[in-house]
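Next come the chains, spelled out residue by residue.
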Amino acid sequence: MLLIDCPHCGPRDETEFHAGGEAHIARPEKAAELTDAQWADYLFMRSNTKGWFAERWVHAAGCRRWFNVERHTVTHEIRRTYPMAGAPTEPEEGP
Amino acid sequence: MTATRPANLRAPPVRARGGDWVDDTRPIAVSFDGRAYTGLAGDTLASALLANGVRVVGRSLKYHRPRGILSAGFEEPNALVQLGKGAHSEPNALATRVEIYDGMTATSVNRWPSLSHDVFAAFGLLARFMPAGFYYKTFLGSRVLWDRLYEPFLRRMAGFGRAPVGADPENYDQRHLQCDVLVVGGGVAGLASARAACASGARVVLIEDNPELAAGLAASPAKEWIDVAIGVVKQDATVLTRTTVFGAYDAGYFAALQRASDHLPQEARAGVRQRLWLIRAKQVVLATGAIERPLVFPNNDRPGVYLAGAARAYLDRFGVLVGRNVVAFTNNDETYATVIALKKAGAAIAAIVDVRANLTGGAVALAKHEGIRVLEGYVVVDVRGRSAVRGVTIAALDGGRREKIACDALLMSGGWSPAVHLFSQQGGKLIYDPGMAAFVPDRRPADPWCAGALCGETGVDAAITGGWRAGSSAATALGKPAPRGLTAELPDEPKGDAPLAFWRVPVAPSAERKCFIDFQNDSTLADVSLAVREGFTHPEHVKRYTLTGFGTDQGKTGNINALGNIAERTGGDLARLAPTTFRPPFLPVTFGALAGREKGALLDPVRVTALHDWHVAAGAAFENVGQWKRPWYYPKDGETLDQAVTRECLAVRNNVGILDASTLGKIEIVGADAAAFLNRVYTNAWSKLGVGRSRYGLMCREDGMLFDDGTTTRLAPDRFLMTTTTGNAAAVLDWLEEWLQTEWPDLKVYCTSVTDHWSTIALAGPRAREVLQCLAPGTALDAENFPFMSYQEVVVAGVAARVFRISFTGELSFEINVPWHDARHVWEAAITAGAAFGITPYGTEAMHVLRAEKGYPIIGQDTDGTVTPLDLGMAWAVSTKKDFLGKRSLARPDTARPDRKQFVGLLTSDPSRVIPEGAQIVSESNIADVRLPQSSPVPMEGHVTSSYFSAVLGRSIALALVRDGFRRTGETVYAVADGHAIAARIGPTVFYDPDGTRRDG
Ligand SMILES: [Zn+2]
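Residues numbered from 1 in each chain as written. Chains lettered and ligands numbered in written order. Predicted model: local features only at pLDDT ≥ 70, side-chain atom pairs only at ≥ 80, totals over all residues. Heavy atoms only, no water.

1. Looking at the overall build of chain A
And step 1. For chain A, the count of helices and strands is one helix and six strands.
And step 2. When the helices and strands of chain A are placed in sequence order, the string is β-β-β-α-β-β-β.
And step 3. In chain A, the proportion of contacts linking residues at least 24 apart, taken out of those at least 6 apart, comes to 43%.
And step 4. When the accessible surface of chain A is summed, it comes to about 5,800 Å², and 51% of that surface belongs to carbon and sulfur atoms.
And step 5. Computed over 11 positive and 15 negative side-chain charges, the separation of the two mean positions in chain A equals 5 Å. (Helix = DSSP H or I, 4+ residues; strand = E, 2+ residues; numbered from the N terminus. Contact = heavy atoms within 4.5 Å. Areas by Shrake-Rupley, 256 points an atom, 1.4 Å probe, with all protein chains shown as cover. Lys, Arg positive; Asp, Glu negative; His and termini not counted. Charge placed at Lys NZ, Arg CZ, Asp CG, Glu CD.)

This is how it looks when you write it as structure tokens:
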């Protein structure tokens, strides 16, 4: 069970939270102008990242606030939690 | 009666050594397979049975070979017993772990009709015809044979205990625990870890599976150090014994099961039987030890063949000698100490057979000094005796000499496999250590610390040193000061010979099917060889093909031998084979412990309305809607459901009914941007809705599918009251919050659930206005002053109320919202005032009939997550101008298809026939017997979503989703149910008062 550091409440058990999928996917502002493929990409397509992954969580059984989490999809380590408005950590330069 | 105990099995000199778990002043009476035996307080069932000379304790899974006790602990594959009776009964208990108490009853699980006369034993003779993959290959052919013959037979054969009948009468508990350092394993290494961590000031939890810490080390030279450490740790740490850590999860989270009173007789169990501990630890030390493995040779499964370490445990802990004339077969030094201990306790040692040659170490020298015959470079090639070992045949590994040796017990040891289960469960990697011939933890920085036999620190002094180091590292990683140095004076241990990896005794292929690898699943060397020959060379494939590693023991003894032989058979390198995945639980866990207190009334909270007591007193039958209890119908004078619902429906249509609608979800949406927000979440437009007016709205997800519906009212320019479906109230609030917080934080809006702030009392029917007028005498309630879809604040029965003129029945209707604590007063006032008008309380069933007569859909019943507003025929509620959630998806090619499944009404040809809800709809009537397979597939055209008998119409009505339904008005289709095709005609969804004159009047 993950230990998630809610930016508002502090570290709590995963059971207090709901996962909300990949973070930083903005809703298209002019949806009507998108092609079907572009809309489907927003609607259905998510990255299947192996490694550090930014995702949204909500502290459902706590403060009910949404925030972002950077979690490693292999080790499940959480290195960072930050507010919705925050920016994701830049990926490190490859060798 | 007490069976005679074979003489000298509990030899007094052995017991005098101390360190025993048993109290020989306290005999304990137990029953096994209907026979009475006497053990001692502190015995396990296994040690008591061994002390009574019982050898056969079960039958093997596939061949029903007699099986005896193999081990002394949790790795036991054979000695599974059914404990207790009736609802208290527990299947698959390990006799090697069960502590006996007076009156215990146990039965062996895998035999029929009895252990000694086993009907299936003939399978042993058929062994050659039941190779690996037997099930897959044999039962492919005939479905009929499978149903009638194979499956019932296999189920009986499969054995392994019976699930108890009846609810579990025991109590279980769950507790949470947080600590700095969790130490798993209370052997010497764990004890040293806990002591070191305590010494540095850490908050420590130490968990041990056995009833005692440092089990079986009373005879150790380090006894004094151990005793002091136990005293200190018990004082400074939380120590849980009889507790098994069975699961290791992310971020230092562990689950452990404490057998709080399993060791007590039923009548002495006060309170809790077992307790589930959920532990969050900042640092973890695993000192889980190692599991000895069998050697692989013909008839290695005979009762009387033991793991060598188990023989030592039975002697040290229980004073039980497993044999009086013993042969040992080994590949490592540790067996020698065991054999010498048995010899000192009075057993004759016929020989030690060692696969290694040219031994020079201290262990061998000591054995020879004791006068024990050591055969180096030899192996056991056969075991004689079917139900008990009578002797062995040995042979030189180089193919030379053979010899038969008589014995009554054979100890075997193929070396030790570190118990890496928890380490692997939490993601730790393993690495093959050729020196130990075992997979060991390949510890990375974030992994738990490891100590003791888990990482090859064998011997007491190595375990103490390693344990201290691990405990100290765990504490200092948390910033604690390093504990002061380890001061114990520990004797040097003699240098020995290294173990030799040895995965099988070389035998003829025909003998391989008697060489057992997984005792519980009866997988043999022949099975592994066959699997590899047929191309299953990955360990995960071999596991599934041969069943090795399944079952209650999950291959604790067998898996490594399977791996070793896969490597040999494929010519591969064992170091490059990964063991099969370790998953929780480490040992089987009772469902009761996982449920804990969350059962019965505590399983799920029950929500009741402010009027619940009134409904109970009125004799209502209730239905569960989510967590709510809602009146379903109010039977009068022994009415059936149908009779009551007919009466309630007619009362609403002809006079007036009253409904407790308090469970309706209610959310206040407040703020300068409230209307703009509603515009985005509802499919229709809200900006122009006037204050005091209500509007029906539909909500879609981004994929365009309906999510919820409800009526929302503008209470003030910046304040709306949204209503939701009863079961969807929380989900809708979550949905609104999600969009506000994640996508539109710029909107000035906040949402508050007021569901149980306001009780809702609905008055519905042509005389509803007259009833309300009695309760609110001064208020103008006529259609002009209080029109349909409007709202007013009205004093009702002396209470300030919010009254909405909205209707879910199609009748003239007022929904009165009053504060929760005023609801009973207002409701009773309405009942009293309404008596003159024939007011009738109605429940959810009548409500459903009434709304279906009007064609009002229920989201979640008439829709299923694949239905758009357009599919429901509600284009009128979908804005073409503004954007809203899901709008773009309505234009996707599949969503915009004109022939989607659409919401229609169905009228059966036979008006008395009510179609069962869920019935599939087809367009062909020429189905001779729908119960028989059809010659060609019959296209499914849709299904019935709601179906009732309408009292006011005097006929059945149904709502359905039908492919291309809008264009098929007038067409006859067939609903298939209960073996019949019911003819029905497609028509509009509104069956009653299509113009809405009753509602609007
Ligand atoms: Zn929070």
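2. Comments concerning the sheet that holds strand 32 (residues 665-670) of chain B
Residue and element names in this part refer to chain B.
And step 1. Taken in spatial order, the five strands of this open sheet run 33-34-35-32-36, and their pairing is antiparallel. Each edge of the open sheet carries a strand with a single partner, namely strand 33 (694-700) and strand 36 (750-753). Going from strand to strand, the sheet's axes swing by 30 degrees on average, the running direction of each strand aside.
And step 2. Of the pairings in the sheet, the one linking strand 32 to strand 35 (residues 719-724) comprises six bridges and is antiparallel in character. (Pairing = 2+ DSSP bridges. Axes fitted to C-alpha atoms, helices over the stretch in contact; angles between N-to-C directions.)

3. Concerning the packing of aromatic side chains
Two numbers describe a pair of aromatic rings. These are the distance of the centres and the angle of the planes.
All names here are of chain B.
And step 1. Counting across every chain of the model gives 23 aromatic pairs over all chains.
And step 2. Ring centres of Phe-74 and Phe-586 lie 4.9 Å apart, and the angle between their planes is 80 degrees; this geometry places the pair in the edge-to-face category. Residue Phe-74 is located in the loop between strand 4 (66-67) and strand 5 (80-83), and its partner Phe-586 is located in the loop between helix 14 (559-570) and helix 15 (591-595); the two are separated by 512 residues in the primary sequence.
And step 3. Residue class for Phe-586 comes out buried when judged on its relative accessible area of 9%. (Phe/Tyr/Trp six-rings, centres within 6.5 Å; stacked < 30°, edge-to-face > 60°. Buried < 20%, exposed > 50% of the residue type's maximum accessible area, 1.4 Å probe, protein only.)

4. As for the sheet that holds strand 2 (residues 35-41) of chain B
Where strands meet in a sheet, backbone hydrogen bonds hold them as pairs that are either parallel or antiparallel.
Residues and elements named next belong to chain B.
And step 1. One open sheet accounts for five strands, arranged 2-1-7-5-6; its pairing is mixed. Among the strands making up the open sheet, the edge pair consists of strand 2 and strand 6 (90-94). For this sheet, the mean inter-axis angle between neighbouring strands, taken without regard to orientation, is 40 degrees.
And step 2. When strand 5 meets strand 6, the two strands line up antiparallel, connected through three bridges. For Leu-83, the partnering residue across the bridge sits in strand 6 and is Glu-90.

5. Digging into unusual backbone geometry
The bulk of non-glycine residues show a negative phi, and the bulk of peptide bonds are trans.
Residue and element names in this part refer to chain B.
And step 1. With omega at -5 degrees, the peptide bond leading from Pro-584 into Pro-585 counts as cis.
And step 2. In this fold, Pro-585 is placed in the loop between helix 14 and helix 15.
And step 3. The backbone of Arg-242 sits at a positive phi, close to 50 degrees, despite the residue not being glycine.
And step 4. You can see Arg-242 is positioned in the loop between strand 10 (238-240) and strand 11 (243-249).
And step 5. Despite not being glycine, Ala-437 shows a phi value in the positive range, around 50 degrees.
And step 6. Secondary-structure assignment places Ala-437 in the loop between strand 24 (429-433) and strand 25 (438-442).

6. Examining the packing of helix 7 (residues 308-318) of chain B against helix 8 (residues 334-344) of chain B
Residues and elements named next belong to chain B.
And step 1. Close contact between helix 7 and helix 8 brings their axes to 9 Å; oriented N to C, the two are set at 35 degrees. Crossing hand, helix 7 versus helix 8: left-handed. Of the residues in helix 8, those in contact with Ala-308, Ala-311, Arg-312 and Leu-315 of helix 7 are Thr-335, Ala-337, Thr-338, Ala-341 and Leu-342.
And step 2. Residue classes in the contact of helix 7 with helix 8 are distributed as six nonpolar, two polar and one charged. (Left-handed = near helix turned anticlockwise from the far one by under 90°. Nonpolar A, V, L, I, M, F, W, Y, C, P; charged D, E, K, R; others polar.)

7. Details of the coordination of the zinc ion
Residues and elements named next belong to chain A.
And step 1. The coordination sphere of the zinc ion contains the protein donors Cys-6 (SG), Cys-9 (SG), His-59 (ND1) and Cys-63 (SG), at a distance range of 2.0 to 2.3 Å.
And step 2. Seen from the zinc ion, its four donor atoms lie at angles of 106 to 116 degrees, and the figure they make is tetrahedral.
And step 3. Judged by its relative accessible area of 27%, Cys-9 is partly exposed. (Donors = N, O, S within 2.8 Å, 3.2 Å for Na, K, Ca; no water. Tetrahedral: all angles 85-135°; square planar, octahedral: opposite > 155°, others 65-115°.)

8. With respect to the packing of helix 20 (residues 768-775) of chain B against helix 21 (residues 823-834) of chain B
Residue and element names in this part refer to chain B.
And step 1. Close contact between helix 20 and helix 21 brings their axes to 9 Å; oriented N to C, the two are set at 120 degrees. Taken as a pair, helix 20 and helix 21 cross one another with a handedness that is right-handed. Contact residues: Val-771, Cys-774 and Leu-775 in helix 20; Ala-829, Ala-830, Ala-833 and Gly-834 in helix 21.
And step 2. Looking at the contact of helix 20 with helix 21 residue by residue, the classes come out as six nonpolar, one polar and no charged.

9. Focus on the pairing of strand 46 (residues 972-977) of chain B
Residue and element names in this part refer to chain B.
And step 1. Summarising the sheet, strand 43 (residues 920-922) and strand 46 pair through three bridges and their orientation is antiparallel. The residue of strand 46 that forms the bridge with Gln-920 is Val-976.
And step 2. Hairpin remark: strand 46 followed by strand 47 (residues 980-987), antiparallel, with two residues in the connecting loop; positive phi at Asp-978, about 50 degrees.

10. Observations concerning the interface of chain A and chain B
And step 1. Listed as interface residues are 23 residues of chain A and, on the opposing side, 24 residues of chain B.
And step 2. In total, chain A and chain B occlude about 2,000 Å² of area from one another, counting both sides; carbon and sulfur atoms represent 45% of this.
And step 3. When residues of chain A are sorted by the area they lose upon contact with chain B, Met1(A), Arg27(A) and Arg64(A) head the list and together hold 32% of the total.
And step 4. Here chain A is connected to chain B by six salt bridges.
And step 5. When the shortest N-O distance is used, the salt bridge between Glu738(B) and Arg56(A) registers 2.6 Å. (Buried area = accessible area lost by both parts, 1.4 Å probe. Salt bridge = Lys/Arg side-chain N within 4 Å of Asp/Glu carboxyl O.)

11. Examining the nonpolar core
What tends to happen in soluble globular proteins is that the nonpolar side chains get buried as a cluster.
All names here are of chain B.
And step 1. With 108 residues, the main nonpolar core has Leu-45, Tyr-314 and Phe-329 as its most contacted residues.
And step 2. Those residues in contact with Tyr-314, other than ones at most four positions away along the chain, are Thr-44, Ala-46, Ser-47, Leu-50, Ile-69, Ser-71, Ala-72, Thr-96, Gly-319, Val-320 and Val-322.
And step 3. One finds Tyr-633, Ala-762, Val-867 and Phe-903 within the second-largest nonpolar core, a separate group that totals 39 residues. (Core = buried A, V, L, I, M, F, W, Y, C linked by side-chain atoms within 4.5 Å.)

12. Some thoughts on the domain arrangement of chain B
Residues and elements named next belong to chain B.
And step 1. When the domains of chain B are assigned, the result is domain 1 (172-290 + 418-477), domain 2 (621-662 + 757-850), domain 3 (665-753) and domain 4 (897-1001).
And step 2. For domain 2 versus domain 4, the separation of C-alpha centres amounts to 31 Å.
And step 3. Between domain 2 and domain 4, the contact holds 15 residues from the first and 11 residues from the second.
And step 4. Of the roughly 1,100 Å² buried between domain 2 and domain 4, counting both surfaces, carbon and sulfur atoms make up 59%. (Domains from an automatic or database assignment.)

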